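Okay, here's what each chain looks like letter by letter:
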Amino acid sequence: MNRTATISFSFKAALASTLGGILLTAGATTALADYPERPLTMVVAAGPGGSNDRAARVMSNFLAEELGQPVNVVNRPGGGNLLGHEYLRQQAADGYTLLRTTAIPYMTINQELQGASFTIEDFQPLNLVDIDTSMIASSTRGDYDSIDDLIAAISDNPGSVSMGVQPTSSDMINATLFLEAIGLSVDDVRVVTFDGGGDVRTGVAGNQFDFGVVGEAGLRQMSSEIEPLMTFSREPMSDVWDAPHVLEVVDQHGVEDYPHVLSGSIRGYFVHYELMEEEPERYARLVEAFENIANNPEAIEAHHEQDLTIDWMGPEASREMMLQEHESLARPEFLQIVQPD
Amino acid sequence: MLDWTALSGAFALLGSDINIWLVIIPGLIIGLVAGSIAGLSNSMAMALCLPLTLYMDFLPAVMFLTAIFTGGGFGGAVTSILMGIPGTTSAVATTFDGYPMTRQGLHNEAMGLALMSSVIAVFIGYILLMFVVAPLGAWVIGLGPGEMLMIAIWGLTMIAALGGKDLTRGLIAGGFGLMLGTVGMNTSGYTRGTMDIPFLLDGIPVVPAMMGMFAASQLLSLVGNQFIISDEGARRADFRRVFAGAKQVLKVPFFHLRGSLIGVFVGAIPGVGSSVGNLIAYAQAKRTDDDPESYGKGNPKGVIAAESANSSSEGGSMVTMLALGIPGGAGTAMLLAAFTMHNVTGGPQFINNNMDIVYTIILGNLAQVVLLLGVGMVFLAVAGNIVRVPLTILIPSVMVLAILGSYAITGDVAGPITLFVFAALGWLMKRYKYPVAAAVVGLLLGRMVETQLIRTYQLSGGMELQYFLERPIIITFFILLVLSLLQPLITRQIKQRWGRKNLKAGV
């Protein structure tokens, strides 16, 4: 009797657990098929109108098509993108909140100088789409037609030429390193500080200062208003800009080892790092959607029309690049340049 | 200055699609409602409606959003006038005379004044835009920090205008507001006064703070009342009296035109916008009036000056957006986003290649204004009933809306917290007779003044005189500023010298 009871009990238990298992699996499958079951939010860590915002709005349309749910764009500007980054970290790591931001240099500066509650490792890039290059440019109505004119003017009259720049940016570091390499210093120019790249570009086009140092991508739309003087690239960019690159210029000045050409802003799309481990299916779904969009001719055209890029780098390569650029930026001698005190 | 081929192309485009016309009235209504709810701004309404425009063609989409823009620009006046709580930063000066008019039972007239002033001003703004869009766009982005500083200081003269008899208290309140306006990270990267609270890095959220201060001070002055208007007969919404108010605007065309021109010009400068224009126009009107003491007590001209400037700035703000693809504020940024969604790229090339579309947008907006007059009248007939609600119901309802609105602005609890802190502050200020409005003006302008002052200092190599001498526009602005400040003195001198008789004969 006893034995049968035990057998029958364990049989029931086995049956129950199998059934339960089936049900669970079924549940899990539905959960997977259901994601996303409500609208997603794309946080832009900058104000409306800039390149992060414009890109996020283009991207959100295609993303909504891919995922079958609307994607709302929310602007969270302020504090050198710190507020937007903190905002994402405060949201649940459930794959319903994405981030579009300029990771480099802001995440590095947030972490190293602003006492942020996160580190750059807490963000997982889905794709880094836009690696900008710093450029020196002036207005077509300005006084300088070439980088040599500009350098001559700065050395002849130190402290009289004005430079528009965002103070906590790769552009600022690049400008400082360049001036020091050719025997000048940032103290020889009048540094005029702006809150964002957009303001610097407006200032260049409006001839509000003698020259600006700012990412080149956003200047392409106003190329008829500006005079390109030099790009901070390791190779010539002659297909886009009729201007020399920094290594060429320092070479003419007999500089043998130029410290470092920092890439300009690096922008892209991010999720919580935890999403990758805790919700691998959702993470995979998002990666797939971003990859499809990057290969969708319609999406590529929509981006190119606005001088935005959407090339597929993928999460692994993106993470590697992000951390590598973070490391080269996080040197004390570079951070000191962008630290206000 | 007009491109006739493009203009006739624009008429053809306007006639090509009935949808362009169908979206205007819904847009106006959405804007009016959003603008008149404290804390919901027209740019927020535009952002919410942006996804809808995906399902429209390009021109209807733009027309829909500009209709919200236009409706919202006027909607802000409704709460300012009826409750003395500006729903948007661009309607602050509207409260100064609009709300006293309501307390006197003249709310119908005040709203008629505001509607007519807004309608004519939007019209003037777009007419000007039609002629000068390209040259004005190129000119305003050339305005550097020095020029912007002059404009910001011009706005600050408002503080003196608000002091009234007790100038010292006005200046203290204004200075306090200015200091509050500098909280956060400034343009050169320094952080001040944030008390390690992250959301303050971007400064004190202005709209919740402003709503809190105004709401607290207005509610305090209502203690012991059962209705906003004590005379029961005066509470009725009366079309004839709205019309009478509207007609009053037509009697002072040049006075109105000055407010409109200030609005267009100030609105055209990227990053300045309608709130500064609203303040400057009011201060200017009060300063140059024969009877400045009557302002702030329900002078209809105060409403006209304030509403003409904030409405005409809509046309102004479109200047750099259309001519250069540079959005001057959140509203135009939304329009630019709509351009993007329809794969239309803004920027200098846009206006060069698509002048007909630019004209279509302008002409469509002129038509919107005419419709606003009709839609606005109906809307006012409904909104005017607010004064008939007993305060025991009205005050809690306003509080709930203000809390929701402030939450919507910041997206988290930071908004409501700011609202409460500033409500307490506003109550204290009112209690000790400091003008709340002066502190709000300081808060609105503090950041702009500081930012432009820093940049001017940097650009001029530490305020070297030579920099200013090479900039004729800064000098012109400076002279205009001094003249406008001295104008009351000068006119008084002239009057005294010429004697009263001569002056009367001259008039």
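- As named in an unreviewed UniProt entry, chain B is DUF112 domain-containing protein, taken from Natronospirillum operosum.

- Looking at an unreviewed UniProt entry, one finds chain A named Tripartite tricarboxylate transporter substrate binding protein and attributed to Natronospirillum operosum.
- What the UniProt record of chain A gives under Sequence similarities (unreviewed entry) is the line "Belongs to the UPF0065 (bug) family."

A few points about the sheet that holds strand 7 (residues 189-193) of chain A
Residue and element names in this part refer to chain A.
So, point 1. Judged by pairing direction, the sheet is mixed, and its 5 strands sit side by side in the order 7-6-8-5-9 without closing on themselves. In the strand order of this sheet, the two ends are held by strand 7 and strand 9 (226-231), each with one partner. On average, each strand axis in the sheet is tilted by 30 degrees relative to the strand beside it, whichever way the strands run.
So, point 2. Inspection of the sheet shows strand 6 (residues 161-165) paired to strand 7 by 5 bridges, in the parallel sense. By the bridge assignment for strand 7, S162 is matched with R190.
So, point 3. In the packing of helix 7 (residues 197-205) onto the sheet, the strands contacted are strand 5 (134-139), strand 6, strand 8 (211-215) and strand 9, and the crossing angle to strand 8 comes to about 140 degrees.

Describing the sheet that holds strand 10 (residues 266-272) of chain A
Residues and elements named next belong to chain A.
So, point 1. With respect to topology, 5 strands assemble into an open sheet ordered 2-1-3-10-4, the strand pairing being mixed. Every interior strand has two partners, whereas the edge strands, strand 2 (71-75) and strand 4 (123-131), have only one. The mean inter-strand angle of the sheet, taken between neighbouring strand axes irrespective of direction, is 20 degrees.
So, point 2. Note that strand 1 (residues 40-44) and strand 3 (residues 97-102) share 4 bridges and pair parallel. Its bridge partner being in strand 3, M42 is matched across the sheet by L98.
So, point 3. Those strands touched by helix 4 (residues 103-113) are strand 3, strand 4 and strand 10, and its axis lies near 100 degrees from that of strand 3.
So, point 4. Its contacts with the sheet put helix 10 (residues 280-294) on strand 1, strand 3, strand 4 and strand 10, and the angle it makes with strand 4 is roughly 10 degrees.

Section: the packing of helix 5 (residues 58-83) of chain B against helix 6 (residues 92-103) of chain B
All names here are of chain B.
So, point 1. Following both chains from N to C, one finds helix 5 and helix 6 inclined at 50 degrees, their axes separated by 6 Å at the closest point. Classified by the angle between their axes, helix 5 and helix 6 sit oblique to one another. Where helix 5 crosses over helix 6, the handedness of that crossing is right-handed. Only T94, T95, G98, Y99 and T102 of helix 6 make contact with helix 5, whose side of the interface consists of A77, S80, I81, L82 and M83.
So, point 2. Tallied by class, the residues present in the contact of helix 5 with helix 6 amount to 5 nonpolar, 5 polar and no charged.

Let's talk about the nonpolar core
So, point 1. Core analysis: the biggest nonpolar cluster contains 173 residues, and F96, M158, L322, F339 and Y359 of chain B have the highest contact counts within it.
So, point 2. In this structure, M158 of chain B is in contact with A93, F96, L279, Y282, A283 and V441 of chain B, ignoring residues within four places of it in sequence.
So, point 3. Listed in part, the 56 residues of the second largest apolar core include Y87, L99, A103 and M322 of chain A.

Things to note about the packing of aromatic side chains
So, point 1. As enumerated under the stated definition, the model contains 12 aromatic pairs over all chains in all.
So, point 2. Considering the side-chain rings of Y269 of chain A and F290 of chain A, the 5.1 Å spacing of their centres and the 50 degrees angle between planes classify their relative orientation as tilted. Of the two residues, Y269 of chain A sits in strand 10 while F290 of chain A sits in helix 10, which places them 21 residues apart along the sequence.
So, point 3. Seen in terms of ring centroids, Y282 of chain B and Y295 of chain B are 5.9 Å apart; in terms of plane orientation they differ by 80 degrees. Their pairing is edge-to-face. Of this pair, Y282 of chain B sits in helix 13 (residues 274-288) while Y295 of chain B sits in the loop between helix 13 and helix 14 (300-324), and the two are 13 residues apart along the sequence. As far as the burial class goes, Y282 of chain B and Y295 of chain B line up, both buried.
So, point 4. The side chain of R169 of chain B reaches across the aromatic face of Y434 of chain B, ending 5.0 Å from its centre.
So, point 5. The aromatic ring of Y432 of chain B is capped on one face by R431 of chain B, whose charged end is 5.2 Å from the ring centroid.

Rules and cut-offs
- Residues numbered from 1 in each chain as written.
- Chains lettered and ligands numbered in written order.
- Predicted model: local features only at pLDDT ≥ 70, side-chain atom pairs only at ≥ 80, totals over all residues.
- Heavy atoms only, no water.
- UniProt positions renumbered as here; feature names shortened; annotations may be inferred.
- Pairing = 2+ DSSP bridges.
- Helix = DSSP H or I, 4+ residues; strand = E, 2+ residues; numbered from the N terminus.
- Axes fitted to C-alpha atoms, helices over the stretch in contact; angles between N-to-C directions.
- Contact = heavy atoms within 4.5 Å.
- Parallel < 35°, antiparallel > 145°, perpendicular 65-115°, else oblique.
- Left-handed = near helix turned anticlockwise from the far one by under 90°.
- Nonpolar A, V, L, I, M, F, W, Y, C, P; charged D, E, K, R; others polar.
- Core = buried A, V, L, I, M, F, W, Y, C linked by side-chain atoms within 4.5 Å.
- Buried < 20%, exposed > 50% of the residue type's maximum accessible area, 1.4 Å probe, protein only.
- Phe/Tyr/Trp six-rings, centres within 6.5 Å; stacked < 30°, edge-to-face > 60°.
- Lys NZ or Arg CZ within 6 Å of the ring centre and 35° of its normal.

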